[in-house]
Amino acid sequence: MKAQQSETILSLRTMLHEVARAHGLVAESQSILVMQRLLLAKRMGKTVIAALLSNCLKAETEQADDSSLARLKEQIRFAQQALCPACRREVGKRWKESNNV
């Protein structure tokens, strides 16, 4: 679990670095490089969100009793609606990985 947290924090810092690089490139009118940096940051953000969601859902299911499972299912459906199809797949993949550990 500690390794996952470190990996997530590292990904967030890298994402921030890419956004900062893009900001610097805006001042230099490097629009293509700006878009590349922002797209990379966006991809990284999706991965981080998927990791955080899967960890949160795993923790919820481990602590949930029967009466709260219905509410958890509602929350999962709501969260899935907010994600694009690629992010949904990533969350599902990470969910399965976390259950196999």
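Residues numbered from 1 in each chain as written. Predicted model: local features only at pLDDT ≥ 70, side-chain atom pairs only at ≥ 80, totals over all residues. Heavy atoms only, no water.

## Let's talk about the pattern of salt bridges
Evaluation of the coordinates by the stated rule reveals 2 salt bridges. Here Glu18 ties to Arg21 by a salt bridge, and the two come within 3.6 Å at their closest N and O atoms. Separated by 3 residues within a single helix, Glu18 and Arg21 lie in helix 1 (residues 2–27), roughly one turn from each other. Under the relative-accessibility criterion, Glu18 is labelled buried at 6%. On the basis of relative accessible area, Arg21 is assigned to the partly exposed category, the value being 39%. (Salt bridge = Lys/Arg side-chain N within 4 Å of Asp/Glu carboxyl O. Helix = DSSP H or I, 4+ residues; strand = E, 2+ residues; numbered from the N terminus. Buried < 20%, exposed > 50% of the residue type's maximum accessible area, 1.4 Å probe, protein only.)

## Notes on a nonpolar patch on the surface
Taken together, the side chains of Val19, Met35 and Leu38 present a nonpolar region at the surface, about 250 Å² in accessible area. Overall, the relative accessible area of 37% leaves Leu38 in the partly exposed class. (Patch = residues over 30% accessible without salt bridge, like charges linked within 9 Å, V, L, I, M, F, W, Y side chains within 5 Å. Areas by Shrake-Rupley, 256 points an atom, 1.4 Å probe, with all protein chains shown as cover.)

## Here's the deal with helix 1
Across its 26 residues, helix 1 extends 38 Å between first and last C-alpha, which sits within 8% of the 38 Å expected from 1.5 Å per residue. The complete set of buried residues in helix 1 reads Thr8, Glu18, Ala22 and Leu25. (Expected span 1.5 Å × (residues − 1).)

Limitation: the analysis is restricted to geometry and does not speak to function.
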